[in-house]
Amino acid sequence: MSRLLHTGQVIVDLVMALDTLPATGGDVLAQSASFEAGGGFNVMAAARRNGLAVVYLGRHGNGRFGDLARAAMQAEGVEIAQAASTDKDTGLCVSLTEASTERTFISHIGAEGELSAEDLARVVPQPDDYVYVSGYSLLLEGKAQALLDWLLALPRAIKVVFDPGPLVTAPDSALMVALLPRIDIWTSNGPEALAFTGAGTVAEALVDLNRHLPGDALLVVRDGPNGCWVSRNGQAEHVPGFKVTAVDSNGAGDAHAGVFIAGLADGLAPAQAARRANAAAALAVTRWGPATSPVAAEVDALLRE
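Residues numbered from 1 in each chain as written. Predicted model: local features only at pLDDT ≥ 70, side-chain atom pairs only at ≥ 80, totals over all residues. Heavy atoms only, no water.

### Examining the overall build of the protein
When helices and strands are counted, the protein shows 10 helices and 13 strands. Taking 2.2 N^0.38 as the reference for a compact globule, 305 residues should give roughly 19 Å; the C-alpha atoms of the protein span a radius of gyration of 18 Å, in line with that estimate. Taking all 305 residues of the protein together, the buried fraction comes to 54%. Taking contacts inside the protein between residues at least 6 apart in sequence as the whole, the part at least 24 apart equals 69%. Distance from the positive charge centre (21 side chains) to the negative charge centre (34 side chains) of the protein: 5 Å. (Helix = DSSP H or I, 4+ residues; strand = E, 2+ residues; numbered from the N terminus. Rg over C-alpha atoms; globule rule 2.2 N^0.38 Å. Buried < 20%, exposed > 50% of the residue type's maximum accessible area, 1.4 Å probe, protein only. Contact = heavy atoms within 4.5 Å. Lys, Arg positive; Asp, Glu negative; His and termini not counted. Charge placed at Lys NZ, Arg CZ, Asp CG, Glu CD.)

### Describing helix H6 (residues 190-197)
Listed as buried for H6 are Gly190, Glu192, Ala193, Phe196 and Thr197. The buried side chains of H6 occupy one side of the element, clustering within an arc of 165° when seen end-on. On the buried face of H6, the contacting elements are strand S9 (159-163), helix H5 (174-179), strand S10 (185-189), helix H7 (202-212) and strand S11 (218-222). In this structure Asn189 caps H6, since a side-chain oxygen of it lies 2.8 Å from the backbone nitrogen of Glu192. Gly198 sits one or two residues past H6 and shows a positive phi near 80°. (Arc of directions from axis to C-beta. Polar contact = N/O pair within 3.5 Å; in protein donor to acceptor, adjacent residues only side chain to side chain.)

### Overview of helix H2 (residues 64-76)
With 13 residues, H2 should reach 18 Å at 1.5 Å per residue; the first-to-last C-alpha distance of 19 Å fits that figure. Those residues of H2 lying buried are Phe65, Gly66, Ala69, Arg70, Ala72, Met73 and Glu76. Along H2, the residues classed as buried sweep out an arc of 160° about the axis, all on the same side. Exposed residues lying more than 90 degrees from the buried face of H2 are Arg64, Gln74 and Ala75. Once H2 ends, the next one or two residues include Gly77, with phi positive near 85°. (Expected span 1.5 Å × (residues − 1).)

Okay, here's the thing in structure tokens:
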């Protein structure tokens, strides 16, 4: 049975809703505030809610935030591969959502910012597994090299999924040059694809990504409410989105990624998996908070409408 092996970072989000960000030195009142598990948890929760077994390979801390992160993963049925770190708590992200649904993040890395070869060796990947890699991990000095070495040693049958995130913006770093030939599935939003390639449009970005990735790599680039683009072997297909009233875009991309992988693992063709992922993302933006992916039955209901 396929699994999602998530090598990224589970952190805790302090989620606050406000009308608009203040100017530097200013002050505003938020309409709401809560602590929620976030970061890599969002993708894992989406995959689990849509039928895929999930293992978290990252570290987690020994304080109040680590306790919250573990409780959230356990509630979703995520297997936790590592014991709690003894010297650090789990990190924190202040997530500010404006009335426009635009998000602003301020993060502090904790125990999840480190990972060793010994940590990674605790889980033996199977041929039908999907290994999820976050671009954030490549920016962490205590984690990046061990993770890259482990990824490059994986059997080719194991699919590597790469999510660049907003901070990995070029293909020419030493780590990216090494990792790009091993990526089987690329998942990002449009601005991330444009920043990474330097292209002016999503169509151009897909062409450029095909030049950097293996010839048979599967590319998924999200285009907000318009849906997403799916491309393989230079053949791109637009998969339409769903019209909803958005209240919070936080976690929508993660819901899309998790449900897309769950669909592939269930044997769906990429366009079919993308259709389900678009539905999941549409439902996610109608809800407040980071891990707002719907369960499979909710996705099914929207697809039937």
